[in-house]
Amino acid sequence: MAIRQLVAWILLALAVISCQFCGFANGEFCQKVNTTEGVGLPYIPPSYQTRIEMNILTKNQTYEFQEWFDGYLGNVRIRRYQKDGEIDDYIYNNATREIYVIFNDLVCLVINMTGKTDLDLLFGVDGRLLPSSALMLRFSKEFGMEYRNKSIVRGITVDYWYSCQTWKERKAVFEVHWYFSASSWNTPYDVNLPVRAEVIGEAGDVSNPRKFHMIYDFVSFRDVLMAENTIFDTPTGVYCEDRMQVQKPPELPAVMSYTQEMLVHDPALEMVQYGNVYYDGSQFLVKYQFRDPNGDTKPPFYNPGSMTVIQDFTTGISYFIDDLIGNCTDKPISNDFFDTEDPPIKDRPGWDIIELRSPKDLFRIDETYQFTGKRVVRGIPIHRYISLRKDYEIKGRPGMNFTFEYEMLDPRVSEVVLGKNKINQGKNIPVQLRITNYKSLGQIDDPTFNYQEVYNFYNFDTQVEPDAEKDFDQLQPYDLDVTQCYAKAERKNILIRFLNGGIYDKYVKGSQNLFIRRATKVLANADLGFVNPIRFQRVRLDYDDVFIYLIFTLLDGPHPYAQFNRLTGPNRYIESAEQTANVASELDCLRRCNSLLMPPCNSVAFCPGSKSGSNCLLSSSFKKDTENPDKTHQCSVLIRPVSVIRPDALELSLETAFDLLVTYVDSSLFRVPMEKITPETGNIDIVNITALDIEQFEVRPNVDLALTGRHLFQFEVTKSAGMPPTRAMLDALSVDDCAEACLGNADFECKSFTYCYSLGQCLLNDASPREQPDKVVQRGLCNLYDKTELGLFTKEPGLSRLIDVHKDLQLVDTDRECAAACVGSSPSKPCRSFDICDFGEGLKKFCYLSASHKSDDSVKSEPNLNCTHYSRSFTTDFKQQFKVSQPDLSAYTATHSDLNLDYCSRRCVEDYGEKCNGFYYCEPYNGNEVRSTCSIRVPGVALVTKPSGSSGVPSCAYYS
């Protein structure tokens, strides 16, 4: 569109005067008047916004506009409303002296105002670009403003002002009849509001003057800008080509993590999806946690649950982990994820490799982004940048253009993220990304198709300069648990001991993560044969008064088939094989490739039956379109997806690596450097903590926190503690198994146990920490469990059951003391329940012991907020052994009906004592009208383990 054509209708939007004429003014039309003295001109606020209805009487036309004027920053926006809902905007950016002409919030045309153009007329008066608000409205003393009288316009009492003006740029003469609300007329603001401006004039050749007559009505005039922070910004998703670049987008760090919320607005799909991203370009690692809504129909798990994908670009392997059940699959990195790209290999045509996207490429941030202003998003001050992208594609819509609009945190704003990092100044923090399909002029596309993705970024954590020596929450390879991708024979559980002697408290305490990172760095030393630290999994640090324990699981080297992509199609081959070999299998061919250093092996062809005598061809090439010259036999071709990052080092096998590590520790070469700064002097005390010995252990539960179980409730736990000496040490798979071993131990009375989660060790003790508190020691990853009598009772807070029942009163400090008194009662005066009541701080608790039980019909209850009732749980004396469907219990003469499980246990204990060998508890089945049966097994009665023969569910359980 030509500039002059554009001006012809842009000028209609002028708030005071607009014309479509050109020529010589007829100076005889009117004469300039002097400004009336003694009558103050109406005040025009420096900034304002208004709606304008413009009627061109000489053309029988009506136009509607909105105008925003900022006299402080010098910005103007004019909006024109047209037929069929179309809107045109004209925004003047005073900082860059540009005008953005925007059609329907879609297409933008940039006009540079640094040179003299016809568009100076749009926002200028007498050659002055963007004058004051009064000059902008052409209502100023310099124009000559004559006060006439009061009048009525649109029912409003107004002051009438007259002016005769010339427009030099258009060589026109015209009268302006201004009407402002009178001071006697109440308005929402403390100003005389402009109500109407009537413009009558002529222009053109003197012999043939051209007349014009326009009326402007001002509605909703306000002396403030209601949206001053955003009204002069270009609309969301609008890209203005050739816009001046005034501020480049920030650089993104090499290490970052964040949570993203993705909102998709598509005619066929409305969706909100969440994911966690951990990106570490310094270690070539990416971790992505998400949930695929169509995961139940997709490999590798066909599961709609959440999934974790770990991309290791050091080895070229992707690990897919099912977060629901823990399955793990490893395969070659593909180009299916957001963190991968196919880089151009200019000097190697035909090569095909995948690389980790750089931080800028990951977010598609480059030099094409334009700074469009500041605003607030999600209540956060941001800087906005926009770019037109041709490198983004959605399925089924190839060749479309999209705008990427980033909201970056204002650098003045501090970001406090979860974790240990220092508070970030918002220099590199994206807050939101908005992706919109772009409809440019002349673009061939469905005009009704509207697509938008919105990404909200939360808890964006960054490390500008990654430093493994500093204690910060960087993505660590040993935290990426890929253990389940390796069979039991492909991993070893290892314990390395260091002497403590106060070293932990002085150098390690408070810096445990730093110790682990430095120890892992020693482990990953290439001299030991470990290229990739991801082989060290579940690294934990433990300690006691004697030792510091480094515990980890060592994995075997990467699976060869997970490092190579298999090419499909006939007659495949590889280019220029540098080495050949004769091997037994395709797997051996891949292993041979992995054993080569210089040059590195990147592709193999396994050709059984080859005439050359060598069936394994090895090449450093990545080319995959070469045909097999010997078509009499088939070759399988496999190519690495990534270029090897460490071609100068090899991954040793599991056994070789462990043997070398043992030698390294036995030679006192395994040293972890740590330091402590003395605050008073600033001196740095450095120590090398040397490993004492190393051993392998078998059982390692995949738990880090205490679990609950049917036996644990009988113990009180003290975290990060232990209690030597140990009477018995067991290998337990769970902490509840350890609790059961303590309760069922027949060799000695087990009063407590220590359970170490990293080692899966169960340490039984015949002493209680209450009896020997001086024996309790710190153990970082162990918990101390003390057997408590409270575990034998069922707790009912806020209730008292011992009403009008014989009871024994004692004064105690804790509930546990009351429980101990109940358990220790004499047979002649048994205790089956107790109430404990607390009547105030500093007072002893009232402990009421009773022989009654909540299952007794005579026991009544009432609410009492000061009391808690405990009834003996007899089921804790028994363990369910098995279930049987409808066993024949006719020989079990001691049978009771209509009892619950706890009462059945009580009958066995109290009625039969030592003669109770166990009991069957049966729920109703096949229409049995009896609610339940309790059949007690006494001496001389055989144990029934088989069903009676009739069908039915296993409704009877045997307890002993």
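Here, the structure is the one placed above.
In this text, all values refer to a predicted model and were calculated from it rather than measured experimentally.

(A) The sheet that holds strand 32 (residues 565-566), seen in detail. The five strands lie next to each other as 32-36-34-35-33, forming an open sheet whose pairing is antiparallel. On the outer flanks of this sheet lie strand 32 and strand 33 (579-581), each paired with one strand and no other. Summarising the sheet, strand 33 and strand 35 (residues 616-619) pair through three bridges and their orientation is antiparallel. Pairing of alanine 581 across the sheet is with cysteine 616, part of strand 35.

(B) Representation of the packing of aromatic side chains within the structure. A full pass over the atoms with the stated rule returns 30 aromatic pairs. Measuring from ring centre to ring centre gives 5.6 Å for tyrosine 48 and phenylalanine 69, while their planes differ by 10 degrees; the resulting arrangement is stacked. Placement of tyrosine 48 in strand 1 (residues 47-56) and of phenylalanine 69 in strand 2 (residues 61-70) is noted, with a sequence separation of 21 residues between them. The exposure class assigned to tyrosine 48 is buried, which follows from its relative accessible area of 0%. On the accessibility criterion, phenylalanine 69 (0% relative accessible area) is buried. Between tyrosine 369 and tyrosine 406, the ring centres sit 5.9 Å apart and the planes meet at 50 degrees, which makes this aromatic pair tilted. You can see tyrosine 369 sitting in the loop between helix 3 (359-362) and strand 22 (370-377) and its partner tyrosine 406 sitting in strand 24 (residues 402-409), a full 37 residues away along the chain. Classification of tyrosine 369 by relative accessible area gives buried; the value is 1%. Grouped by ring-pair contacts, the aromatic residues Tyr258, Phe363, Tyr369, Tyr406, Phe457 and Phe460 constitute a single cluster. Over the ring of tyrosine 278 we find lysine 287, and its NZ or CZ is 5.2 Å from the ring centre.

(C) Quick peek at the sheet that holds strand 45 (residues 808-812). The strand order across the open sheet formed by five strands is 44-48-46-47-45, and the pairing between neighbours is antiparallel. Since the sheet does not close on itself, it has two edges, and those belong to strand 44 (793-800) and strand 45, each with one partner. Ignoring strand direction, the axes of neighbouring strands in this sheet form an average angle of 25 degrees.

(D) Structural detail: the state of the cysteines. Scanning the entire structure with this criterion turns up 14 disulfides. The residue that forms a disulfide with cysteine 30 is cysteine 164, at a sulfur-sulfur distance of 1.9 Å. Handedness of the cysteine 30-cysteine 164 disulfide follows from its S-S torsion of about 80 degrees: it is right-handed. Of the two residues, cysteine 30 sits in the loop between helix 1 (3-10) and strand 1 while cysteine 164 sits in strand 10 (residues 156-167), which places them 134 residues apart along the sequence. When sorted by exposure, cysteine 30 lands in the same class as cysteine 164, which is buried. Residue pairing for cysteine 904: its cysteine sulfur links by disulfide to cysteine 934, the two sulfurs lying 1.8 Å apart. The disulfide joining cysteine 904 to cysteine 934 has a torsion of about 75 degrees about its S-S bond and is therefore right-handed. Placement of the pair is cysteine 904 in helix 10 (residues 901-912) and cysteine 934 in strand 52 (residues 933-937), with a sequence separation of 30 residues. Taking the relative accessible area as the measure of exposure, cysteine 904 reaches 0% and is therefore buried.

(E) Local environment of the side chain of glutamine 260. Locating glutamine 260 in the fold gives a position in strand 14 (residues 255-266). For glutamine 260, a relative accessible area of 11% puts it in the buried group. Of the polar contacts made by the side chain of glutamine 260, one reaches the side chain of tyrosine 288; its length is 3.4 Å. If we skip the residues at most four places from it in the chain, glutamine 260 touches Gln273, Tyr274, Gly275, Val277, Tyr288, Tyr455, Asn456 and Phe457.

(F) Looking closely at the nonpolar core. With 42 residues, the main nonpolar core has Phe363, Phe402, Phe404, Tyr406 and Phe457 as its most contacted residues. In this view, tyrosine 406 contacts Phe363, Ile365, Tyr369, His383, Arg384, Tyr385, Pro430, Gln432, Leu433 and Phe457; residues no more than four positions away in its chain are not counted. Core analysis: the next-biggest nonpolar cluster, separate from the first, contains 38 residues, Ile56, Trp167, Phe180 and Leu193 among them.

(G) Seen up close, unusual backbone geometry. The phi dihedral of serine 220 falls on the positive side, at around 55 degrees, and the residue is not glycine. Mapped onto the fold, serine 220 is located in strand 13 (residues 210-222). On the basis of relative accessible area, serine 220 is assigned to the partly exposed category, the value being 45%.

(H) Local environment of the pairing of strand 18 (residues 317-322). Taken across its six residues, strand 18 has six buried, putting it largely inside the fold. Taking every second residue as pointing to the same face, both faces of strand 18 are buried, with Ile317, Tyr319 and Ile321 on one and Ser318, Phe320 and Asp322 on the other. Pairing of strand 17 (residues 306-312) with strand 18, which is carried by six bridges, proceeds in the antiparallel orientation. Pairing of methionine 307 across the sheet is with aspartate 322, part of strand 18. Between the antiparallel neighbours strand 17 and strand 18 lie four residues, among them glycine 316 with a positive phi of about 80 degrees. Relative to strand 19 (residues 328-332), strand 18 is paired through five bridges, and the arrangement is antiparallel. In the sheet register, isoleucine 321 faces strand 19, and the bridge partner there is cysteine 328. The hairpin turn running from strand 18 into strand 19, its antiparallel successor, is five residues long, and glycine 326 in that turn takes a positive phi close to 90 degrees.

(I) A look at the environment of alanine 728. Inspection of the secondary structure assignment puts alanine 728 in strand 40 (residues 728-731). Separated by 22 residues in sequence, alanine 728 and cysteine 750 have C-alpha atoms that sit 9.7 Å apart. Among residues more than four places away in sequence, those in contact with alanine 728 are Phe748, Cys762, Leu763 and Leu764.

So, how was this worked out
- Residues numbered from 1 in each chain as written.
- Predicted model: local features only at pLDDT ≥ 70, side-chain atom pairs only at ≥ 80, totals over all residues.
- Heavy atoms only, no water.
- Pairing = 2+ DSSP bridges.
- Helix = DSSP H or I, 4+ residues; strand = E, 2+ residues; numbered from the N terminus.
- Phe/Tyr/Trp six-rings, centres within 6.5 Å; stacked < 30°, edge-to-face > 60°.
- Buried < 20%, exposed > 50% of the residue type's maximum accessible area, 1.4 Å probe, protein only.
- Lys NZ or Arg CZ within 6 Å of the ring centre and 35° of its normal.
- Axes fitted to C-alpha atoms, helices over the stretch in contact; angles between N-to-C directions.
- Disulfide = S-S within 2.5 Å.
- Polar contact = N/O pair within 3.5 Å; in protein donor to acceptor, adjacent residues only side chain to side chain.
- Contact = heavy atoms within 4.5 Å.
- Core = buried A, V, L, I, M, F, W, Y, C linked by side-chain atoms within 4.5 Å.

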